[in-house]
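Single-letter residue listing:
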Amino acid sequence: MGIRFILMVNKQGQTRLAQYYEYLTLEERRALEGEIVRKCLARNEQQCSFVEHRNYKIVYRRYASLFFLVGVDNDENELAILEFIHLLVETMDCHFGNVCELDIMFHLEKAHFMLEEMVMNGCIVETSKTNILQPIQLMEKSS
Amino acid sequence: MEQLKTIGRELAMGSQGGFGQSKEFLELVKSIGEARSKAEEDRIVLHEIETLKRRISEPDIPKRKMKEFIIRLVYIEMLGHDASFGYIHAVKMTHDDTLLLKRTGYLAVTLFLNDDHDLIILIVNTIQKDLKSDNYLIVCAALNAVCRLINDETIPAVLPQVVDLLGHQKEAVRKKAIMALHRFYHKSPSSVSHLFPNFRKRLCDNDPGVMGATLCPLFDLITVDVNSYKDLVLSFVSILKQVAERRLPKGYDYHQMPAPFIQIRLLKILALLGSGDKLASEKMYTVVGDIFRKCDSTSNIGNAVLYECICCVSSIYPNPKLLEAAADVISRFLKSDSHNLKYMGIDALGRLIKISPEIAEQHQLAVIDCLEDPDDTLKRKTFELLYKMTKSSNVEVIVDRMIDYMISINDNHYKTYIASRCVELAEQFAPSNHWFIQTMNKVFEHAGDLVNIKVAHNLMRLIAEGFGEDDDAADSQLRSSAVESYLHIIGEPKLPSVFLQVICWVFGEYGTADGKYSASYITGKLCDVAEAYSNDETVKCQSLVEELSASHSTDLQQRAYELQAVVSLDAHAVESIMPLDASCEDIEIDKNLSFLNSYVQQSLENGARPYIPESQRSGVLDISNFRSQDQPEASMHGLRFEAYELPKAPVTSRIPPASVAPSTELVPVPEPSYSRETHQVASVPSISDAGSTELRLRLDGVQRKWGKPTYSSPTSSTSNASQSTSNGVTQVDSAANVNSKARHTHDSRKPQAEITPEKQKLAASLFGGPSKTEKRPTSASHKVAKASSHAAEKSQAPKAAVVSNQATLDKINHQPPPDLLDLGEPTVTNSAPSVDPFQQLEGLLDPTQVTSTVNHGAVATEAPDIMALYVGTPAGGQSSSAENSLPSNSYDVNLTSELSNLTSGTTNAGATLTQFTKGPNPKDALEKDALVRQMGVTPTSQNPNLFSDLLG
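In this text, all values refer to a predicted model and were calculated from it rather than measured experimentally.

J.: Please set out the overall build of chain B residue by residue, giving values where relevant.
T.: Regarding its fold elements, chain B presents 49 helices and zero strands. Looking at chain B residue by residue over its 952 residues, the buried ones come to 60%. A separation threshold of at least 6 residues defines the contact pool for chain B, and within that pool the share at least 24 residues apart is 69%. Looking at chain B as shown, the accessible area adds up to about 38800 Å², and 54% of this sits on carbon and sulfur atoms.

The following block contains the structure:
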């Protein structure tokens, strides 16, 4: 499976984007988000960007006020996921131009569309920014 | 003015803010963004829910507005509130023709719904249509939805189209189609098993994106079945080579690394293919070596690829050069200041030491640093490494460290994990018994409630059997050191229950063994435990029994009386039931019940019908009919408030089984198995209120619903030998759901002993697990049989005790209401063998009882005296099923296993009791009490008499 979920959370712990690759009920999501946000946000800059949680790992990275948290299976390459987060941010930067929390809030669906291009079935399937953004730009043009 | 403001805000808010978005939406997002607390956010969202509920179902909402509503729904769910009222609108949006709206609809649906949601069926049609679209973006949107919403039932509806799309001219479509197949493979591997060649084909796709995506399903396929893909090793190697040589389009570069994510996935696949395969591995050495050399070790992504190389190198057939390169990278990782790299280094080290253990030494200090690091993640990773490095020389240090850490954390999940690691290492490498006991004490003390019950059993076994060497002195030293340490520990407040059980068992078994402590001292300690933990029944039982005779819990009473009975036996008898130091010896079981042969013969001579195996019994209407007569009686576990039915049923039941019972008009039951179902349902008390006619009519409806599960349940298996043997183990699990009330099977008719060995094994293995309840009824009956077989060679007294226990038990649970207490002729199927244990009582019971028991072969007798009631009922009610009729499972478990233990030569009472890992809970006890009251029986007063009578 690889990636189980991708979360974007601001530094107050408020969810800004949530994508789960395995179904969880609303309550489960709420509980999980609460737990891992508490765990990750309490860590300092020097500590590893990886946290073990239950039977999987969370790889997280902070950009200004926004935390990107990715839950992965135990056999996943943590450093690669860390760089995947950065690739995602670069891609959004590419599209929004200096992306910020509000961009994601106002264009939630577009952030999701990008993720849809990059990750399917919990696997990273596309890493070329052109390929990721092309369908989204085409769609914008057509409407 | 207002408008200007909005525009201004939009401009301020984001680069492309206000892109067709309404003021309302901007306000909402803004207020959510500005919320200072979760409570405030919740208030906003709740208000939003109210608004949307009102607005979303208004007629003629413009499409753009609707899209906004849908996104607001996404917000609601994302922030943890239920938006199910709007799901249908998201579904409707997928029908829209505009690409953006359609895709938004699909997005919302995939975020909201699980693939088994009822609404999915409304979308499958749309997906089918969209997969045929000319616009490839619509096809892509539909394929995205396929990957999230199609479950194994709906796969066939879209599979042909998805397969067609594998050849689509657009690479984006081919990529998503491959991933859709990947998803189908996850959902139901068999549905796409004929399509595996397609994955191989797509590996050679012109488009690197499609090729990269194809690696995902191939990785999964290779994980499952390496050998079928060995031929692809060269292809993967050549792809990896090309990638590393920058042959892919620049677009895939990331931080100057060529397609690192594809490289990583390829390395993962090569690691699988090369594992334990020298030939395949040799083909990879060059390319992996190249990557080691080329990788930029200053960037994160370079290090990620290097780490993957190390994983690959440690998985494939070892190559000295590569191992050297890997060791270099590891030492660089470990020396780095970055915690992330240290973490990767520790992990990589753990992989490499399996192949070259010597490399750990040069990194000792770095490892110790990581262990001391305040960062939990790093620390845990290091423990993981230490676990892999453990030898008998370092086990003490490592386990001590682990325990210290275990004590310091609160995370139960990890605590359980590390406790089990400690136990594992201690069991494997313990340098001395003393250390082992001390270590286990610590683990139990601090994580006792989290430790698997098996660990406790292992510990007890170890103390009982020693370390296997034939050194009695060492064993007894081990025991006395255990006793010593437990005496020390027992003063501590709040010990975990499992640990207490171990302690109590050890005290009982070996407390006085070395003569250092007097029995009364040990008993005193145990009394203290009993008082201190009076709310923990298991512990209580083990600690002191006598005091509990007056307890309110019938289970406790039962045990107490049994123990008293055992204790009052003469010394010789006690010795034979509970041989010293034999707690782990196996008990032989007479599987064929050969000791019954003479009895069977005798019965046959007296005119009893020969036993007909269940399989040959179909069509024997009279038996099933006969059995259905049982219904009214059996169903009356509760008090009755209405008139009793006509005395018809008892009359027919008096007729020996051979004759056709006339009163079964309403349910012409064709086969015995069917009748059993009926019967089971019938015994649910709630149905018992009607007369027999009405009862059966009603059952007819009920039966179908409940019939199936009970049929395959282990309970029914206890009731007849042939069925249970055929179904074996699985039944035990399946029974978990079966309503315990529906388990009253009364038609046991035979050699329960046939299933004894497996069932017993299961019982043993389930003893520690949480789901043992179903188990016991079955084993119970064997144990009775077994008990009697043993008792035959042994003294009579214990046997008597057992049977009387059984009898009381049956009496408590099984007795029909007083009016039917005409027990001389309970409605019995002939159950000669199962009756046998009681027959063995002959010497102890007075003649009346004996006749009543023997009777069940065929003939009816007049009512026996009160003692016979005890014995008669279970005999009539088929001893094997008697236990099943208990409403609470764990209760009969305890009792029955107790029975077995008492008779079957398990050490002493302490030991016997320790085994009840799942002590009766108060609820069971209450239920039992209630039941007893309903029956109008007060075992409290009668039991002692019973015992004294039986035991003389």
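J.: Can you break down the overall build of chain A residue by residue, with the values?
T.: The number of helices and strands found in chain A is five helices and seven strands. Start at the N end of chain A and walk to the C end: the helices and strands fall as β-β-α-β-β-β-α-α-α-β-β-α. Within chain A, buried positions represent 66% of all 143 residues. In chain A, once contacts between residues fewer than 6 apart in sequence are set aside, the share between residues at least 24 apart is 49%.

J.: Now, about unusual backbone geometry: what can you tell me, with residues and values included?
T.: All names here are of chain A. In the Ramachandran plot, Asn98 falls in the positive-phi region, its phi being about 55° despite a non-glycine side chain. Relative to the assigned elements, Asn98 resides in the loop between helix H2 (78–96) and helix H3 (101–106). Take Asn98: its relative accessible area is 67%, and that puts it in the exposed class. Of note, Asn121 is a non-glycine position whose phi angle comes to about 50°, a positive value. Within the secondary structure layout, Asn121 lies in the loop between strand E6 (119–120) and strand E7 (123–124).

J.: So what's going on with the interface of chain B and chain A? Which residues, and what values?
T.: Contacts between chain B and chain A engage 78 residues on the former and 71 residues on the latter. Roughly 6500 Å² is buried in total at the junction of chain B and chain A, and carbon and sulfur atoms are behind 56% of that figure. It is Met78, Arg103 and Phe261 of chain B that lose the most area in chain B upon contact with chain A, and together they represent 11% of the buried surface on that side. Arg43 of chain A is the salt-bridge partner of Asp375 of chain B, the closest N and O atoms lying 2.9 Å from each other. Connecting chain B to chain A are 30 residue pairs in polar contact (both at pLDDT 80 or more). The element contributing the most residues to the side of chain B that touches chain A is helix H6 (residues 99–112) of chain B, with eight residues. Across the side of chain B that touches chain A, the residue classes tally to 38 nonpolar, 23 polar and 17 charged.

J.: Kindly report on the side chain of Thr104 of chain B, identifying the contributing residues and their values.
T.: By the element assignment, Thr104 of chain B lies in helix H6. Owing to a relative accessible area of 2%, Thr104 of chain B belongs among the buried residues under this scheme. With residues up to four places along the chain from it excluded, the contact list for Thr104 of chain B reads Phe113 of chain A together with Lys67 and Ile71 of chain B.

J.: Any chance you could break down the sheet that holds strand E2 (residues 15–20) of chain A for me, citing the residues and the numbers?
T.: Residues and elements named next belong to chain A. The strand order E2-E1-E5-E4-E3 describes an open sheet built from five strands, whose pairing is antiparallel. Every other strand in the sheet has two partners, leaving E2 and strand E3 (50–53) as the edge strands with one partner each. Looking at each pair of strands side by side, their axes are set apart by 20° on average, direction ignored. Strand direction decides the pairing type here: strand E4 (residues 56–63) and strand E5 (residues 66–72), joined by seven bridges, are antiparallel. Counted as the bridge partner of Ile58 is Gly71 from E5.

J.: Pulling in residues and values, what's your account of the side chain of Ser281 of chain B?
T.: Residue and element names in this part refer to chain B. Its place among the elements puts Ser281 in helix H15 (residues 278–294). By relative accessible area, Ser281 is classed as buried at 0%. Among the polar contacts made by the side chain of Ser281, one reaches the main-chain amide nitrogen of Tyr317 at a distance of 3.0 Å. Contact partners of Ser281, with chain neighbours within four places excluded, come to Gly274, Ile316 and Tyr317.

J.: For the environment of Ala90 of chain B, give the residues involved together with the corresponding values.
T.: Residue and element names in this part refer to chain B. For Ala90, the location among the structural elements is in helix H5 (residues 87–93). Taking relative accessible area as the criterion, Ala90 reaches 0% and is therefore assigned buried. Residues Ala90 and Ala108 lie 18 residues apart in sequence; the distance between their C-alpha atoms is 6.1 Å. Among all residues touching Ala90, those that are not within four sequence positions of it are Ile70, Gly105, Ala108, Val109 and Phe112.

J.: So, the pattern of salt bridges: which residues are in play, and what are the values?
T.: Residue and element names in this part refer to chain B. Summed over all chains, the structure comprises 43 salt bridges over all chains. Linking Glu41 and Lys38 is a salt bridge whose minimum nitrogen-to-oxygen distance equals 2.8 Å. Here Glu41 pairs with Lys38, and both are found in helix H3 (residues 38–55), just three residues apart, close to one helical turn. A relative accessible area of 1% places Glu41 in the buried class.

J.: Provide a residue-level description of the packing of helix H10 (residues 171–187) of chain B against helix H11 (residues 196–203) of chain B, including the pertinent values.
T.: The angle between the axes and the distance between the axes are what describe a pair of packed helices. Residue and element names in this part refer to chain B. In contact at an axis separation of 11 Å, H10 and H11 are set at 145° when each is read in the N-to-C sense. Seen from above, H10 lies across H11 with left-handed handedness. Of the residues in H11, those in contact with Arg174, Ile178, Leu181, His182 and Tyr185 of H10 are Phe196, Asn198, Phe199 and Arg202. Residue classes in the contact of H10 with H11 are distributed as five nonpolar, two polar and two charged.

J.: Quick one: what's the story with the pairing of strand E1 (residues 3–10) of chain A, residue by residue and with numbers?
T.: Residues and elements named next belong to chain A. Counting buried positions over the eight residues of E1 gives eight, a clear majority of the element. Two elements, E1 and E2, share five bridges in a ladder whose sense is antiparallel. By the bridge assignment, Met8 is partnered in E2 with Leu17. From the end of E1 to the start of E2, which pair antiparallel, there are four residues, and Gly13 there has a positive phi angle of about 85°.

J.: Please set out the confidence of the model for chain B residue by residue, giving values where relevant.
T.: Segments scoring low in pLDDT should not have their predicted coordinates read at a detailed level. Residue and element names in this part refer to chain B. Here chain B averages 70 in pLDDT, and 53% of its residues register 70 or above. Here residues 649–756 is a poorly scored stretch, pLDDT under 50, and it has 227 contacts once near neighbours within four places are set aside; other chains count. The ipTM, which scores confidence in the relative placement of chains, is 0.98 for this predicted complex, and the corresponding pTM is 0.63.

J.: Explain helix H8 (residues 136–149) of chain B residue by residue, including any values.
T.: Residue and element names in this part refer to chain B. With 14 residues, H8 extends 20 Å between its outermost C-alpha atoms, agreeing within 8% with the 20 Å of an ideal straight helix rising 1.5 Å per residue. Counting buried residues in H8 gives 13 out of 14 residues, a clear majority hidden from the surface. Taking the backbone nitrogen of Leu137 as reference, a side-chain oxygen 2.9 Å away marks Asn135 as the first, capping residue of H8.

J.: Describe the packing of aromatic side chains, naming the residues involved and giving the relevant values.
T.: We describe a pair of aromatic rings using the distance from one ring centre to the other and the angle between the two ring planes. All names here are of chain B. Inspection of the entire model under this criterion finds eleven aromatic pairs over all chains. A centroid spacing of 5.6 Å and a plane angle of 35° characterise the contact between Tyr414 and Tyr417, whose relative ring orientation is tilted. With Tyr414 and Tyr417 both in helix H22 (residues 412–429), this residue pair falls three residues apart, about one helical turn. Classification of Tyr417 as partly exposed rests on a relative accessible area of 30%. Ring pairing ties together the aromatic residues Phe383, Tyr405, Tyr414 and Tyr417, which thus form one cluster.

J.: Break down H10 of chain B for me, citing the residues and quoting the values.
T.: Taking 1.5 Å of rise per residue, 17 residues should cover 24 Å, and H10 of chain B covers 24 Å from first to last C-alpha, within 8% of that figure. Where burial is concerned, most of H10 of chain B is hidden: 14 out of the 17 residues are buried.

J.: Describe the environment of Lys110 of chain A, listing the residues and the values that go with them.
T.: Residue and element names in this part refer to chain A. Structurally, Lys110 can be placed in helix H4 (residues 108–118). Owing to a relative accessible area of 5%, Lys110 belongs among the buried residues under this scheme. Measuring from C-alpha to C-alpha, the distance between Lys110 and Phe96 comes to 10.0 Å, with 14 residues separating the pair along the chain. Side-chain polar atoms of Lys110 contact the side chain of Glu140, separated by 2.8 Å.

J.: Outline the pairing of E5 of chain A, listing residues and values.
T.: Residues and elements named next belong to chain A. Judged by how many residues are buried, E5 sits mostly within the fold: seven of seven residues are covered. Here E5 shows no split at all, with Leu66, Phe68, Val70 and Val72 on one side and Phe67, Leu69 and Gly71 on the other all buried. For E1 and E5, the ladder comprises seven bridges, and the chain directions are antiparallel. Residue pairing for E5: Leu7 is matched across the bridge by Leu69. Between E4 and the antiparallel strand that follows it, E5, lie two residues; Ala64 among them carries a positive phi value of about 50°.

Reading the values: rules and limits
- Residues numbered from 1 in each chain as written.
- Chains lettered and ligands numbered in written order.
- Predicted model: local features only at pLDDT ≥ 70, side-chain atom pairs only at ≥ 80, totals over all residues.
- Heavy atoms only, no water.
- Helix = DSSP H or I, 4+ residues; strand = E, 2+ residues; numbered from the N terminus.
- Buried < 20%, exposed > 50% of the residue type's maximum accessible area, 1.4 Å probe, protein only.
- Contact = heavy atoms within 4.5 Å.
- Areas by Shrake-Rupley, 256 points an atom, 1.4 Å probe, with all protein chains shown as cover.
- Buried area = accessible area lost by both parts, 1.4 Å probe.
- Salt bridge = Lys/Arg side-chain N within 4 Å of Asp/Glu carboxyl O.
- Polar contact = N/O pair within 3.5 Å; in protein donor to acceptor, adjacent residues only side chain to side chain.
- Nonpolar A, V, L, I, M, F, W, Y, C, P; charged D, E, K, R; others polar.
- Pairing = 2+ DSSP bridges.
- Axes fitted to C-alpha atoms, helices over the stretch in contact; angles between N-to-C directions.
- Left-handed = near helix turned anticlockwise from the far one by under 90°.
- pLDDT = per-residue confidence, 0-100.
- Expected span 1.5 Å × (residues − 1).
- Phe/Tyr/Trp six-rings, centres within 6.5 Å; stacked < 30°, edge-to-face > 60°.

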